[in-house]
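Tertiary structure, described
For reference, the chains in residue letters:
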Amino acid sequence: MKKSRWKKGLVLALLLACTGTVNVRSAGHVSALEAAEQAGSPITVKQYGEEEDSSFSFRLKRTEHTTCTWKDTSGIADPQLIHQTGNGIERWGQMVTSDAQKGKISCYLTNMGSYKGKNTNLRITFTDWPSYRTESGERYYPVLGVSLSLTTDFYGLIFSDIWYEAKMEILDDQGRPLAVNMTYRADDLDFGQIFGVKKSDAISGLAVPEDSRVYYIDRDGFYYFYADNIASNEYEKDSVQVQYKNASAFTLRVGGGVAFPSSFTYTKYVSEKVEKDYERFRDHLVGESSVEESTNAGAILGWIAGSARGYGPFTPPVPVKSVDRTEVHGEDSFTYRINFKVPECQPADYYQSLVLTDPMPEALTVEKVVVYDADNQQDVSTKFHIQITKGTSDQVKVSARDTSSAWIYGRSFEIRIQVHKRPEYIFGKSNVVSNKAGLSVDQKTPKETEQVKTSFYYQITTEAKNGSITASNLKVPAGGTMQVTYSPLPGYYLKSVTVDQKETDKNQHISGYSFTKVNADHHIRVVYEKNPILTITKEVKGKWDEFGTPVFLFQITGTDYNGISRTYYEALEIPEQFKEDGVYRKSFIMQIPAGIWTVREIPVSRYRMTGIKEVENGSIEGSTVRLDTKDHDTAKATFCNELVNYGDFSHNDLEINVFGKQVGR
């Protein structure tokens, strides 16, 4: 908004004076700066030109429809009204003609801008300050009035030599009190001008510039400020600022003349000049109830009080950024929300521009941007220019289309930026992205949000058949590492490990698989198969008596499912008595890895092999059988033998040597 400084107001000089019952000697003057240093002082010190608090931003402003109605109920005939324009100033006022008029004069200014969608009015009631008299007991009747600049946002009260109270009431367009936060300023006090602030009003703060020469006194329920500089342009920093909080009415005591500083006497500076200025002023009075417009500035009056206003520059709204999800899965969409409120203000304080910019982190890309009226939850995107610039890093720019429209002021807005992770972006050491936005008003330095952080993760889903595995759907920080472990049920072997539908070398991942630099979801499936059962049966014919326990030896050779060549040996003993029919059967079972296996019987004494039968999932190849447990859970074969009588040998003189790995039965 318009930038405001402690600055010199439009000061029209009138050497006015007044001393009297309130008289302080020169030695008793207290500097306002010195008073500010005292414990509990209501005064603070500001740097000259320091920006004022934007929370006190209500402003009175002359509009082109402003009118002023003067009300005099004193019964005095022919009140002398003025209405002057000239030199960029418009004035309304009245000459007080007798003591009978005191407390009977008010000015009602209408159309002083708008507040919360309503026209704002100002009523000023002028009341005589009873304690005032000159040193000789005289009184000059004052000129009372208000002045408004036609070119700048400036409002003033005007007085002649007498001190007067002015009660200010802020009203809505229905004439009801309107409570506002506001700043009232007395700019460039000089010629002994007095500015009194009523202590019982809703005062939030008093301030003077850091190099002010204003004097200060606390008396009669008022804080008084005054200066003793002679020329109106001598020292413009003799100013005072008052902040009112939630106030609809307040009272000032203001006046021209050198009443407090005893070093300025009425006779030295005022008497002759006052008489001449009154004569000049009377030339421009109408003398009737009607008013006259003149391009002549008329009599020179003291511009005592500055402006009843926030006086800016209004601190740009501070945006607040949030995110609907602080933890995001992969490339899922999520939304940044940027909230800010445009303060209520009057047209003089409207922005020239309002622009929000949000440079996206490199990891993100923008899907869409929508602007909402946060109070009514309505899409108001058409009121804004929305620009999304795509690139290595996307950028969002949202600017108000028309900052001269009253619609934007006093509203809360929410800008929603929907984004997702770029598919091609690879997270490295960190899975967190930070982002902040900035809101700039009138091309000033943007007010930035706090950093908003979002972390990204991916999920590892796991699946195991006939075994256990690390829990599924675990979150892995993007760019991070996760170890998946697995194991079989008893009697099962690892058949396959599949990652993202691609089979891996299971021999390299017997009991676990490590995912590293995770930048996508992954799935791992582990399959365990039950160790196949290889059943070999021995069928023997022929009785035996004294030959001892027969022992038969088998060799199993082949290639397992991993392509590894293996050889196993197994022995089978038959200690039992043969049956009467001379046939005996006995089997052994082997659980060896799945594969294609060739089984042969190693010849022994006294028994010869007569054949192979009862083959299941295999084929006979001469004196051997080829059994398939790669594609089948079981395979069987029966080897047949009959007794051959060799009297010189016994059965139990066989020595068994086992080569290779033997799997237990």
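Model, not experiment: these values are computed from the prediction.

**A short note on the overall build of the protein**
Along its length, the protein carries three helices and 49 strands. The buried share of the protein, reckoned over its 665 residues, is 51%. Looking at the protein as shown, the accessible area adds up to about 29,800 Å², and 45% of this sits on carbon and sulfur atoms.

**Here's the deal with the sheet that holds strand S23 (residues 334-341)**
Taken together, the five strands give an open sheet; going across it, the order is S21-S23-S29-S25-S26, and neighbouring strands pair in antiparallel fashion. Of all the strands in the sheet, the pair left with one neighbour each is strand S21 (320-323) and strand S26 (378-379). Here eight bridges tie S23 to strand S29 (residues 412-421), and the two strands are oriented antiparallel to one another. When the bridges of S29 are listed, Phe 334 appears paired with Val 419.

**A few points about the packing of aromatic side chains**
On inspection of all chains with the given rule, the structure shows 24 aromatic pairs. Pairing Phe 334 with Phe 456 gives two aromatic rings, centres 5.9 Å apart and planes at 65 degrees, and the pair type is edge-to-face. With Phe 334 in strand S23 and Phe 456 in strand S33 (residues 452-465), this pair connects stretches of sequence that are 122 residues apart. Like Phe 334, the residue Phe 456 is buried in the burial classification. An aromatic cluster is built from Tyr 155, Tyr 184, Phe 195, Tyr 244 and Phe 250, whose rings are joined through pairwise contacts. The positively charged end of Lys 321 is found above the aromatic ring belonging to Tyr 336, 3.9 Å away from the centroid. Sitting above the plane of the Tyr 372 ring, Arg 416 keeps its charged end 3.7 Å from the centroid.

**Observations regarding the confidence of the model for the protein**
Here the protein averages 79 in pLDDT, while 75% of its residues score no lower than 70. Of all the helices and strands in the protein, helix H2 (residues 266-269) carries the lowest mean pLDDT, 41, while strand S27 (residues 384-389) carries the highest, 97. With pLDDT under 50 throughout, residues 258-271 is counted as low confidence; its partners more than four residues away or in other chains account for 46 contacts. This stretch, residues 649-653, has a pLDDT under 50; its non-local contacts, to residues over four places away or in other chains, come to 18 contacts.

**Points about the pattern of salt bridges**
Two side chains of opposite charge can pair, provided their charged atoms sit close to one another. Enumeration over the complete set of coordinates arrives at 21 salt bridges. Between Glu 327 and Lys 475 there is a salt bridge, and its shortest N-O distance comes to 3.0 Å. Here Lys 475 lies in strand S35 (residues 474-477) and Glu 327 lies in strand S22 (residues 327-329), a separation of 148 residues in the sequence. Residue Glu 327 is classed as partly exposed on the basis of its relative accessible area of 38%. Bridged by salt links that share partners, the residues Lys 390, Asp 394, Arg 422 and Glu 424 form one connected network.

**Considerations on the pairing of S29**
Buried residues dominate S29, accounting for nine of its ten residues. Of the strand pairs in this sheet, strand S25 (residues 364-373) and S29 are connected by nine bridges, and their pairing is antiparallel. Bridged to Tyr 372 within S29 is Glu 414.

**What to know about the pairing of strand S4 (residues 89-95)**
Most of S4 sits inside the fold, with seven of its seven residues counted as buried. Side chains Ile 89, Arg 91, Gly 93 and Met 95 project from S4 onto one buried face, and the interleaved Glu 90, Trp 92 and Gln 94 project onto a second face that is buried too. One ladder, built from seven bridges, connects S4 with strand S9 (residues 143-149); its direction is antiparallel. Bridging across to S9, Ile 89 finds its partner in Ser 149.

**Remarks on the sheet that holds strand S28 (residues 395-400)**
The sheet built from five strands is open, its strands ordered S27-S28-S24-S31-S32 with antiparallel pairing. Single-partner strands in this sheet number two, and they are S27 and strand S32 (447-448).

**Re the environment of Leu 474**
As for its placement among the helices and strands, Leu 474 is situated in strand S35. Looking at Leu 474, the relative accessible area reads 31%, which means it is partly exposed. In this structure, the C-alpha to C-alpha distance between Leu 474 and Tyr 457, residues 17 residues apart in sequence, is 9.6 Å.

**A short note on the nonpolar core**
Of all hydrophobic cores here, the largest spans 51 residues; its most connected members are Tyr 336, Ile 415, Ile 417 and Ile 524. Once you skip the residues sitting within four places of it in the chain, Ile 415 turns out to touch Tyr 336, Arg 337, Ile 338, Phe 340, Leu 356, Val 369, Val 370, Val 371 and Val 398. In this structure, Leu 81, Leu 109, Val 180 and Phe 250 belong to the second largest nonpolar core, which totals 50 residues.

**Comments concerning the side chain of Thr 365**
Turning to its location among the elements, Thr 365 is positioned in strand S25. A polar atom in the side chain of Thr 365 sits 2.9 Å from the side chain of Lys 390. For Thr 365, the contacting residues outside a window of four places in its chain are Lys 390, Asp 394, Gln 418, Val 419, His 420 and Arg 422.

**Focus on the environment of Ile 596**
Among the structural elements, Ile 596 can be located in strand S45 (residues 595-602). As for Ile 596 and Gly 558, which are separated by 38 residues in sequence, their C-alpha atoms are 5.7 Å apart. If near-sequence neighbours (up to four positions away) are discounted, Ile 596 is found in contact with Thr 557, Gly 558, Thr 559, Arg 626, Leu 627, Asp 628 and Lys 630.

**A closer look at unusual backbone geometry**
Outside of glycine, negative phi angles account for most residues, and trans bonds account for most peptide bonds. Phi is positive for Asn 466, close to 65 degrees, though the residue is something other than glycine. In this fold, Asn 466 is placed in the loop between S33 and strand S34 (467-469). Even without being a glycine, Gln 501 presents a positive backbone phi close to 70 degrees. Along the chain, Gln 501 falls in the loop between strand S37 (492-499) and strand S38 (502-504).

**Structural notes on the environment of Glu 165**
Inspection of the secondary structure assignment puts Glu 165 in strand S11 (residues 163-171). For the pair formed by Glu 165 and Val 254, sequence separation is 89 residues and the distance between their alpha carbons is 6.4 Å. Not counting residues up to four positions away in its chain, the partners in contact with Glu 165 are Thr 125, Phe 126, Thr 127, Phe 222, Thr 251, Leu 252 and Arg 253. In terms of polar contacts, Glu 165 uses its side chain to reach the side chain of Arg 253, at 2.7 Å.

The rules behind the values
Within each chain, residue numbers correspond to sequence positions counted from 1 in written order. Under the rules for a predicted model, residues below a pLDDT of 70 receive no local features and side-chain atom pairs below 80 are neither given nor counted, while totals for whole chains, interfaces and linings still include all residues. Remark: hydrogens and water are excluded; side-chain values derive from all non-hydrogen atoms of the structure. Helical segments are the DSSP runs of H or I of at least four residues, strand segments are the runs of E of at least two, and each set is numbered from the N terminus. For every residue, the accessible area obtained with a 1.4 Å probe (protein chains only) is divided by the maximum for its type, and the residue is called buried under 20%, exposed over 50%, and partly exposed between those limits. Every accessible area reported is derived by Shrake-Rupley at a probe size of 1.4 Å, with residue values counting cover from the shown protein chains alone. Strands are treated as partners if at least two bridges between them are detected by DSSP. Side-chain rings of Phe, Tyr and Trp (the six-membered ring for Trp) are treated as a pair once their centres are within 6.5 Å; stacked means planes under 30 degrees apart, edge-to-face means over 60, and tilted covers the remaining angles. Whether a charge lies above a ring is judged from NZ of Lys or CZ of Arg, which has to be within 6 Å of the ring centre and within 35 degrees of the ring normal. Summary of the metric used: pLDDT quantifies the predictor's per-residue confidence within the range 0 to 100. The contact criterion used throughout is that any non-hydrogen atoms of two residues lie within 4.5 Å. Salt-bridge detection follows one rule: a side-chain nitrogen of Lys or Arg within 4 Å of a carboxyl oxygen of Asp or Glu. Buried residues of nine kinds, namely Ala, Val, Leu, Ile, Met, Phe, Trp, Tyr and Cys, make up a nonpolar core once their side-chain atoms join them within 4.5 Å. Two N or O atoms count as a polar contact when they lie within 3.5 Å, although within protein this holds only if one can serve as hydrogen donor and the other as acceptor, and sequence-adjacent residues are included solely when both atoms are side-chain atoms.

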